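Descriptive structure summary
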Amino acid sequence: MEFKDHVCELLNTIDACQVFFDITVNFDLTKNYLDLVVTYTNLMMLLSRIEERKAIIGLYNYAHEMTHGSSDREYPRLGQMIVDYENPLKKMMEEFVPHGKSLSDALLSLQMVYPRRNLSADQWRNAQLLSLISAPSTMLNPAQSDTVSYLGFILCHGVLNSDQAALSLWKLALQSSTCLCLFRDEVFHIHKAAEDLFINIRGYNKRVNDIKECKEQALSHAGLMHRERRKFLRSALKELATVLSDQPGLLGPKALFVFMALSFARDEIIWLLRHADNIQKKSTDDFIDKHIAELIFYMEELRAHVRKYGPVMQRYYVQYLSGFDAVVLNELVQNLSVCPEDESIIMSSFVNTMTSLGVKQVEDGDVFDFRGMRLDWFRLQAYTSVSKASLGIADHRELGKMMNTIIFHTKMVDSLVEMLVETSDLSIFCFYSRAFEKMFQQCLELPSQSRHSISFPLLCTHFMSCTHELCPEERHHIGDRSLSLCNMFLDEMAKQARNLITDICTEQCTLSDQLLPKHCAKTISQAVNKKSKKQTGKKGEPEREKPGVESMRKNRLLVTNLDKLHTALSELCFSINYVPNMVIWEHTFTPREYLTSHLEIRFTKSIVGMTMYNQATQEIAKPSELLTSVRAYMTVLQSIENYVQIDITRVFNNVLLQQTQHLDSHGEPTITSLYTNWYLETLLRQVSNGHIAYFPAMKAFVNLPTENELTFNAEEYSDISEMRSLSELLGPYGMKFLSESLMWHISSQVAELKKLVVDNVEVLTQMRTSFDKPGEMAALFKKLSSVDSVLKRMTIIGVILSFRSLAQEALRDVLSCHIPFLVSSVEDFKDHIPRETDMKVAMNVYELSSAAGLPCEIDPALVVALSSQKSGHCNNIHCLAKAINQIAAALFTIHKGSIEDRLKEFLALASSSLLKIGQETDKTTTRNRESVYLLLDMIVQESPFLTMDLLESCFPYVLLRNAYHAVYKQSVPSST
């Protein structure tokens, strides 16, 4: 009620003073007068749209009565106002009859401005509007809203019958829109409202017909006209942004062009947003603009230029104000025939303020504030616009126009941010969330527009400008909406880029796969057959395309799928890389980090996926093939740095280091755990089952001919090249995990061996003291139980240790290529440990050496595995030598015994037993006697603690030589 009373009082005062209004002369006074009328009208119309308004004021009065003991004294008036304004426009038409003269004068002054901004795109194009290149001599004044023209003439409708210019302006507003904005996303349909009002007024049949004609015109042509305008503005703003980015100094003299362009583009975008949500025709093509992102993008580019080069504009306009505006204004003031003292003082202060300006103030970073000067000019407009003013602004139009120009120049110095908000604020998108998201999706779906998709997150920075200090509780709601929308947009952009990168990686992995050695067999076979003139295959069989044929282009018009993916990626990456960060409601968003995060997640999943591990069939990709795919993937990811300024090395480090652990940061299995499980549960288990054997000469495990053929070829997973590939993939950490897993299996076998030793402890103790008594030894040997089980378990241990030695050797080879100097230093350190060194210190050195893949006298991993227990040949028997030596070294280290003395004792016992076997005649006892002799020789060769001299002192070498000869003679017939 108070607001209504103040508005009515002010309007009556304006009428009484017969204030002169002309938008081209007293711009601020006229603009604010029209804004007041529009705001008042909108408020009354919004009030009438509240369905429960009567109940609300009734509850208010009841609450007031309960609180204060009496009704609100303004309640009867408020209730009456609610009743009177059931039809707000009709009531306000009656209310504005006394104000018709002032309002019509203000509206008619728009005829110099409003028609120009409502020209068609072709007329704008012919006039070379907004073109810096054509340098037009005329500039348009700031634009006004359609709402002013429509509502103003509705309220003073009498002038429509008496003034043709007023009727033309009103019809122009009716023809360009079908609905107008009341507040944010609240709109009203103008044709129906006007028709309902005028149809009941006598003599207005012609106006009703005009409304119907304008409605048909708006429905059939407005959409197309605005679509063409947006098309023109896209090219105009692009040209403007391109020229200003190259020559930012033009921002000074051409600032008006920039703000005009921003204002026109904003009006067209808001028009589209408003009408697309309130379509009144069947065809919607004109209200769907898939290129709207491009227009918004160029707006943001111009806004960025203004913010970046603000000091350039300040320097230009400071000099303009002091060197030109002050001089011209001073001359105009001097030439005034009548100038009262008060007006003279104000004018003089204007001149003095502008004259005192200098470029040094800009260079020193002084803060300019011309708000006082602008307020003085507003007051002066009010003084000089009344009918009885001594100095009438209507008689001195040049003075008014000059001051309007000066006010604009002052805003270029101290209010650039406010000017950007005034001319290009698009915070209205906050209230059209569904349309906003739909536009974004359309932008991403169109490859040519994806480079402009960053404009949508940038628009979220506008949202806070639609808040008001009188409604602080709204800040959190709007702030949260801006944050959630920006986060969603950036996340979707990163996902889209990630998907494109994944598709490119898939293509590159396919190309890399074609270069694998396994694919060259057919080509070699064809070449051999061709050379020997053998005809193979059917006639007309298509020749297999060779790798690289995809790079051969017959012409430039040929576009492959990979070309399309790269083009789409470069467009989207341009958008992601457009701004380093953006601040929204005191939150900083970095678009590149979204992409980095998605790439890490996808790279992790892709690496695990490329292993192609099938738990049911126990199938897995060969390490060399996985390594080839991973390298192809990394090559593509490295190329992303050409598009976006991200640290792809950080992505590699985060992902690949996680893959060297048992589980990644999300608790998912890694390639380390997958390959470790496969080698332990599949390959080595088949070795234990007798389907695979280890061949030291080949340094690989090989399939043995069996009834049930294995689904994989062990050699293709365990030869030196595959183990090196495995070491490349898993790295030292992953290989350490593999070793620890192997040692855990060994420790379980040792635990079983300990049980067997406990079962035979008495017999073994007697044998230890009777090794030089053959008769007693033979009797004691027959008392031993589970001898075959001991042999089998020791063989399993030997197989595991043999596999580990392959893995360690491969790791050493890989690290020697990557860090040769560091590996050589570690090796030198290991080789020069003094014998008297404390065992704890030595174990630390061995642990370091083992991590580098170097062989050690004592295996630290085995020591750790065993210390935690506190409670070849087709049969792989040759692996016993490694098992005996490493198990002995580890156990005697744990129990702090002399490894060398204990092994000498073992050698004495073993040689005594073997010499006794040589005297036996029983065939069962002497079976494989020569092989056992060779096993003793292998134990000594493997051991760093035993020497051949020591062996010869207790076991004749001639027996070894004969054994080698006998075993060789046995192997020749079997191989033939």
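Everything quoted here is computed from the prediction, not taken from an experiment. (Residues numbered from 1 in each chain as written. Predicted model: local features only at pLDDT ≥ 70, side-chain atom pairs only at ≥ 80, totals over all residues. Heavy atoms only, no water.)

Considerations on the overall build of the protein
Put simply, the test is: Runs of H or I in DSSP of at least four residues are treated as helices and runs of E of at least two as strands, each being numbered from the N terminus. For the exposure calls, accessible area comes from a 1.4 Å probe over protein chains only, and a residue counts as buried if that area is under 20% of its type's maximum, exposed if over 50%, partly exposed in between. Every accessible area reported is derived by Shrake-Rupley at a probe size of 1.4 Å, with residue values counting cover from the shown protein chains alone.
On a plain count of helices and strands, the protein comes out with 43 helices and 6 strands. C-alpha extents for the protein along the principal axes are approximately 145 × 80 × 60 Å. Relative to its 976 residues, the protein shows a buried fraction of 47%. Summing over all exposed atoms, the protein offers an accessible surface of approximately 49800 Å²; the carbon and sulfur share of this is 54%.

Some remarks on the packing of aromatic side chains
Let me state the cut-off plainly: Any pair of Phe, Tyr and Trp rings, taking the six-membered ring for Trp, is counted once the centres come within 6.5 Å. Such a pair is stacked with planes under 30 degrees apart, edge-to-face with planes over 60 apart, and tilted for the rest. By definition, being over a ring means that NZ of Lys or CZ of Arg is both within 6 Å of the ring centre and within 35 degrees of the ring normal.
Summed over all chains, the structure comprises 33 aromatic pairs. Ring centres of F21 and Y33 lie 4.3 Å apart, and the angle between their planes is 15°; this geometry places the pair in the stacked category. You can see F21 sitting in the loop between α1 (2-17) and α2 (27-48) and its partner Y33 sitting in helix α2, a full 12 residues away along the chain. Just as F21 is buried, Y33 falls in that class too. Where Y40 meets F96, the ring centres are 6.4 Å apart and the plane angle is 40°; that geometry is what we call tilted. One end of the pair, Y40, is in helix α2; the other, F96, is in the loop between α5 (88-95) and α6 (100-108), and 56 residues separate them in sequence. As far as the burial class goes, Y40 and F96 line up, both buried. When the ring centre of F574 is taken as origin, the NZ or CZ atom of R451, which lies over that ring, is 3.9 Å away.

Some details on the packing of helix α17 (residues 341-355) against helix α19 (residues 371-385)
The cut-off we apply is this: Inter-axis angles, ranging from 0 to 180 degrees, are taken between N-to-C directions of lines fitted to C-alpha atoms, where helices are fitted over the stretch in contact. Throughout, the term roughly parallel applies to angles under 35 degrees, roughly antiparallel to angles over 145, roughly perpendicular to angles from 65 to 115, and oblique to all others. Two helices that cross are described as forming a left-handed crossing if the nearer one is turned anticlockwise from the farther one by less than a right angle, and a right-handed crossing if clockwise. In what follows, a contact means two residues having at least one pair of non-hydrogen atoms within 4.5 Å.
Direction vectors running N to C along α17 and α19 enclose 150°, while the axes themselves pass 11 Å from each other. It follows that α17 is roughly antiparallel to α19 by the angle criterion. Here α17 and α19 pass one another in a crossing that is left-handed. Contact residues: α17 offers E343, I346, M347, F350, T353 and M354, while α19 offers M373, D376, W377, L380, Y383 and T384.

Let's talk about the nonpolar core
Cut-off, in case you're wondering: By convention a nonpolar core is built from buried Ala, Val, Leu, Ile, Met, Phe, Trp, Tyr and Cys residues, the set being connected through side-chain atoms within 4.5 Å.
If you look at the biggest cluster of nonpolar residues, it comprises 217 residues, and the most contacted ones within it are L237, F259, L329, F429, L683, L684 and F701. Residues in contact with L684, not counting those within four places in the same chain, are Y679, F701, L742, V799, I800 and F803. Of all hydrophobic cores here, the second largest spans 60 residues; its members include I154, L180, A194 and V208.

Quick notes on the pattern of salt bridges
Note the cut-off: For this document, the term salt bridge refers to a Lys or Arg side-chain nitrogen within 4 Å of an Asp or Glu carboxyl oxygen.
Per the stated rule, a full pass over the model turns up 36 salt bridges. Of the charged contacts, one joins R125 and D122 as a salt bridge, the two residues approaching to 3.0 Å between their closest N and O atoms. Remark: D122 and R125 occur in helix α8 (residues 121-126); sequence separation between them is 3 residues, near one turn of the helix. The partner of R230 in a salt bridge is D289, and the shortest N-O contact between them spans 2.7 Å. Within this pair, whereas R230 is found in helix α13 (residues 205-246), its partner D289 is found in the loop between α14 (255-276) and α15 (292-308), the two being separated by 59 residues in sequence. Take R230 and D289: they sit in the same class, and that class is buried.

A few points about the confidence of the model for the protein
To keep it simple, the criterion reads: Scored between 0 and 100, pLDDT is the confidence that the predictor attaches to each residue.
The predicted model of the protein has a mean per-residue pLDDT of 85, with 92% of residues at 70 or higher. Between residues 135-144, whose pLDDT stays under 50, and residues either more than four places distant or in other chains, the model counts 25 contacts.

Comments concerning the environment of S943
Relative to the helices and strands, S943 is located in the loop between α41 (929-942) and α42 (948-954). Spatially, the C-alpha atoms of S943 and I887 are 11 Å apart, while their sequence positions differ by 56 residues. When near neighbours in sequence (up to four residues on either side) are disregarded, S943 contacts N885 and L903.

Description of α13
We apply this condition: To estimate the expected span of a helix, subtract one from its residue number and multiply by 1.5 Å. Throughout, the bend at a residue refers to the angle made by two axes, fitted to the seven residues ending there and to the seven starting there.
With 42 residues, α13 should reach 62 Å at 1.5 Å per residue; the first-to-last C-alpha distance of 57 Å fits that figure. Of all the bends found along α13, the most pronounced is centred on H221 and spans about 50°.

With respect to the packing of helix α24 (residues 474-514) against helix α26 (residues 561-576)
Interhelical geometry of α24 versus α26 gives an angle of 150° and a closest axis separation of 10 Å. The angle between α24 and α26 places the two elements in the roughly antiparallel class. Helix-helix and strand crossings are classified by hand; for α24 and α26 the assignment is left-handed. Here α24 contributes M493, Q496, A497, L500, I501, D503, I504, E507, Q508 and L511 to the contact with α26, which in turn contributes N561, L562, L565, H566, A568, L569, L572, S575 and I576.

Details of the side chain of H99
Tracing the sequence through the fold places H99 in the loop between α5 and α6. Setting aside residues up to four positions removed in sequence, H99 forms contacts with L11, N12, D15 and Y33.

Looking at the pairing of strand β5 (residues 692-695)
Counted only if it meets this: For two strands to count as paired, DSSP must find a minimum of two bridges between them.
With 4 bridges joining them, β5 and strand β6 (residues 700-703) adopt antiparallel strand pairing. Directly across from F695, in β6, lies its bridge partner A700. Where β5 folds back on β6, the antiparallel hairpin that results is connected by 4 residues, among which K699 adopts a positive phi of roughly 50°.

A word on the environment of D901
Its location among the elements puts D901 in helix α40 (residues 899-918). The exposure class assigned to D901 is partly exposed, which follows from its relative accessible area of 40%. In sequence terms D901 and F945 are 44 residues apart; their C-alpha atoms lie 9.0 Å from each other.

Quick look at helix α32 (residues 720-759)
Relative to the 58 Å expected for 40 residues at 1.5 Å per residue, α32 spans just 41 Å between its end C-alpha atoms, considerably shorter than the ideal helical length. At G731, α32 shows its largest kink, close to 105°, and the proline P732 lies no more than four residues downstream.

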